[in-house]
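# Structural characterization, general
Here is what each chain is made of, one letter per residue.
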Amino acid sequence: MTTILKCFEDLLIQLRAEADIASATALRYDSDGAQRIYSSHPEVFAQTGFKQYHEAPMIAQVRCAQAPILTDGIEALKQGFADWQTILAQGCDAIVNIPVRDPTGTTLGQLNLMGRTGAFEPEILARLQRIADRAAACFSDAPQQEASL
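This section reports on the structure supplied with the text. (Residues numbered from 1 in each chain as written. Predicted model: local features only at pLDDT ≥ 70, side-chain atom pairs only at ≥ 80, totals over all residues. Heavy atoms only, no water.)

As a further point, take the packing of aromatic side chains. Applying the stated criterion across every chain, the model contains 3 aromatic pairs. Ring geometry for F8 and Y38: centres 4.7 Å apart, planes at 10°, overall stacked. Of this pair, F8 sits in helix α1 (residues 8-16) while Y38 sits in strand β2 (residues 33-39); the two residues are 30 residues apart in sequence, bridging distant segments of the chain. Measuring from ring centre to ring centre gives 5.6 Å for F8 and F139, while their planes differ by 75°; the resulting arrangement is edge-to-face. Taken together, the positions of F8 in helix α1 and F139 in the segment after α5 (122-133) put the pair 131 residues apart, joining distant regions of the chain. Comparing F8 with F139 shows no difference in burial state: the two are buried. Ring-pair connections join several aromatic residues into one group, and the members of that group are F8, Y38 and F139. Seen from the ring of Y29, R63 lies directly overhead, with NZ or CZ sitting 5.9 Å from the centre. (Phe/Tyr/Trp six-rings, centres within 6.5 Å; stacked < 30°, edge-to-face > 60°. Helix = DSSP H or I, 4+ residues; strand = E, 2+ residues; numbered from the N terminus. Buried < 20%, exposed > 50% of the residue type's maximum accessible area, 1.4 Å probe, protein only. Lys NZ or Arg CZ within 6 Å of the ring centre and 35° of its normal.)

What follows is the structure in structure tokens.
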């Protein structure tokens, strides 16, 4: 039986069991853009906010690709993220943006997982994607329910 993850704290525990993740954020998609709904470090990366797709090319790219997108290395971060200096200051030089899909395959949002180069090898990405897809409840408009796993 597959356990459905119902809160971001549980989700982050599961993800960190697979990869060395220093920081994480989550975005919920809507028709015009993405709403930030979680940050593991809200003092550094905002826990709320909205970006339209045309303002955030990586968000739009992940939504369209419906597959993880890895940005690995300082030069790649500089080209892909306006806040690359903040990311580097956290000791991170790699980010993987992972779509979160519900059981029907609808993409609800994405996770942005930050770590070090080499933390997100292909076999690890596959496991992270499976975990992310079990977290659809975290991306619901309904109030969060705590779950004990």
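Because side chains alternate across strand β4 (residues 69-72), one face comprises the buried residues I69 and T71, and the other comprises L70 and D72, none of which is buried. Both β4 and strand β5 (residues 94-101) contribute to a ladder of 4 bridges, which runs antiparallel. Residue pairing in the sheet places I69 in a bridge with N97 of β5. (Pairing = 2+ DSSP bridges.)

What follows covers the sheet that holds strand β3 (residues 50-52). Taken in spatial order, the 6 strands line up as β3-β2-β1-β6-β5-β4 in an open sheet, and their pairing is antiparallel. Because the sheet does not close on itself, it has two edges, and the strands there are β3 and β4. The average angle at which neighbouring strand axes cross in this sheet is 25°, direction not considered. Two elements, strand β1 (residues 21-29) and strand β6 (residues 107-115), share 7 bridges in a ladder whose sense is antiparallel. Bridge pairing in β6 places I21 opposite G115. Packing against the sheet, α1 makes contact with β1, β2 and β6, and its axis sits at approximately 130° to β1. Against the sheet, α5 engages β1, β5 and β6, with an angle of about 40° to β5. (Axes fitted to C-alpha atoms, helices over the stretch in contact; angles between N-to-C directions. Contact = heavy atoms within 4.5 Å.)

Take empty space enclosed by the protein next. Under the defined criterion, the tally for this structure stands at 1 cavity of 30 Å³ or more. Its boundaries defined by the atoms lining it, the largest cavity holds a volume of some 40 Å³. For the lining of the largest cavity, the secondary structure elements donating two or more residues are α1 and β6. Considering each element in turn, the lining of the largest cavity owes the most residues, 4 residues, to α1. Per-class residue counts for the lining of the largest cavity are 8 nonpolar, no polar and no charged. (1 Å grid on protein atoms, 1.4 Å probe; cavity = no way out; pocket = protein on both sides within 12 Å on 5 of 7 lines; lining within 4 Å. Points joined across faces, edges and corners; volume = space filled by probe spheres on them. Nonpolar A, V, L, I, M, F, W, Y, C, P; charged D, E, K, R; others polar.)

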